[in-house]
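Observations on the three-dimensional arrangement
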Amino acid sequence: MLAPAKNLIQDGFRLREITSVLTKHGFVAVVKSAGLGRFLLGLGDEVSEFEEDEENPLIPLTSESAYRFRMVLQDLGPTFVKLGQILSTRPDILPPAFMDELKLLQDRVPPMSFDIVRSIVETSLDGEIVDFFDDFNEQPLAAASIGQVHRAKLKSGEEVVVKIQRDGIRATIRSDLDILYYIAKLLEATIEEFELYTPTAIVKEFEKAILSELDFTLEAQNIDEFKQNFDEIQYATAPMVYHELTTEHVMTLEFIDATKLSNIQGGSERAKKILPHLLDSMVKMV
């Protein structure tokens, strides 16, 4: 079945953008080897005049190529940022330098404006923000690839956080996934080294992971199940979900003042106290 002409045009523009970003950050060899040069300004495979960005002063302690790879994902937006986040947990695929660099993507996603946030919340909940919340902080608590989180207070006084899905993210992800499959197959067919990393299988795994995150009601059900399974365990809990203020695109949760595990210093007394509980929790979930 042929794709609509509009989709083909949009995918063509996106492929040109991807090729341009790869070239900008010095991955000229990949562009040329994969035959992606034809998507760049109509130059065909002749992209040799594009050189690596040697003037960029922000070269981290990790390898330069790992840094440039992160910058590519960051420039290409939410879908590719999420891909980088998932790859940062796969030491079987990427070397340590790349994993360390990609972990930086966790907290470096530009937030949506509050006007967009307000529109999504009010459309999803079918009412104005003031109808549901006594206070709603316009500054996000965190911004990620799929959505962002704001602190708020319910009319009944409870402190909550509201997770809002990024505007238009579903269509963007669907389009980007089609392109990722295309690029993965192209890399496997044209660059022998990439066969070892099975790009198509990576994209397939990524597709399952990211599509499951686009329905917040499913995430809410998982939180409820976790909370129920750990109901009798004192050292583990999960935030309460306010289902009446939760939809496919918006989720309202109890606010819990906590810190990320990554912020706890290894070897500290707090870490030694937490580790047995963490291991016990993992075993219980298994």
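Note that this is a predicted model, so its numbers are computed, not measured.

Our focus in this paragraph is the overall build of the chain. Across its full length, the chain holds eleven helices and five strands. Relative to all contacts within the chain whose residues are 6 or more apart in sequence, the contacts with residues 24 or more apart total 56%. Carbon and sulfur atoms provide 55% of the accessible area of the chain, an area that totals close to 16,900 Å².

Turning next to the side chain of Thr23. Counting through the fold element by element, Thr23 comes out in helix H1 (residues 5-24). A residue is classified by how much of its surface remains accessible, and Thr23, at 3% relative accessible area, is buried. A polar contact of 2.9 Å, which involves the side chain of Thr23, links it to the backbone oxygen of Thr19.

Once that is clear, we can look at the packing of aromatic side chains. Tallying each qualifying case throughout the model produces four aromatic pairs. Here the aromatic rings of Phe226 and Phe230 are separated by 4.5 Å at their centres, their planes lie at 20°, and the arrangement is stacked. The class for Phe226 is partly exposed, based on a relative accessible area of 27%. A network of ring pairs unites the aromatic residues Phe114, Phe133 and Phe136 as a single cluster.

Another point: unusual backbone geometry. Glycine aside, residues mostly have negative phi, and peptide bonds are mostly found in the trans state. The backbone of Asp126 shows a phi angle near 60°, a positive value even though the residue is not glycine. Residue position: Asp126 is located in the loop between helix H6 (114-125) and helix H7 (129-132). Asp126 gets classed as exposed once you look at its relative accessible area, which sits at 70%.

Turning our attention to the packing of helix H4 (residues 78-87) against helix H9 (residues 199-211). Where H4 contacts H9, the two axes come as close as 11 Å, and the packing angle between them is 105°. Regarding the angle of H4 to H9, the classification is roughly perpendicular. In this structure, H4 contributes Thr79, Lys82, Leu83, Ile86 and Leu87 to the contact, and H9 contributes Ile202, Phe206, Ala209 and Ile210. Here the contact of H4 with H9 is built from residues that sort into seven nonpolar, one polar and one charged.

In total, this model carries 16 salt bridges according to the counting rule given. Residues Glu213 and Lys82 are paired through a salt bridge, measuring 3.1 Å at the closest nitrogen-oxygen approach. With a gap of 131 residues between them, Glu213 in the loop between H9 and helix H10 (216-229) and Lys82 in helix H4 connect regions that are remote in the sequence. For Glu213, a relative accessible area of 27% gives the class partly exposed.

In this section: a nonpolar patch on the surface. A surface patch of nonpolar side chains, amounting to about 570 Å² of accessible area, comprises Leu261, Leu275, Leu278, Leu279, Met282 and Met285. Position of Leu279 relative to the elements: it lies in helix H11 (residues 269-285).

What counts and what doesn't
Residues numbered from 1 in each chain as written. Predicted model: local features only at pLDDT ≥ 70, side-chain atom pairs only at ≥ 80, totals over all residues. Heavy atoms only, no water. Helix = DSSP H or I, 4+ residues; strand = E, 2+ residues; numbered from the N terminus. Contact = heavy atoms within 4.5 Å. Areas by Shrake-Rupley, 256 points an atom, 1.4 Å probe, with all protein chains shown as cover. Buried < 20%, exposed > 50% of the residue type's maximum accessible area, 1.4 Å probe, protein only. Polar contact = N/O pair within 3.5 Å; in protein donor to acceptor, adjacent residues only side chain to side chain. Phe/Tyr/Trp six-rings, centres within 6.5 Å; stacked < 30°, edge-to-face > 60°. Axes fitted to C-alpha atoms, helices over the stretch in contact; angles between N-to-C directions. Parallel < 35°, antiparallel > 145°, perpendicular 65-115°, else oblique. Nonpolar A, V, L, I, M, F, W, Y, C, P; charged D, E, K, R; others polar. Salt bridge = Lys/Arg side-chain N within 4 Å of Asp/Glu carboxyl O. Patch = residues over 30% accessible without salt bridge, like charges linked within 9 Å, V, L, I, M, F, W, Y side chains within 5 Å.

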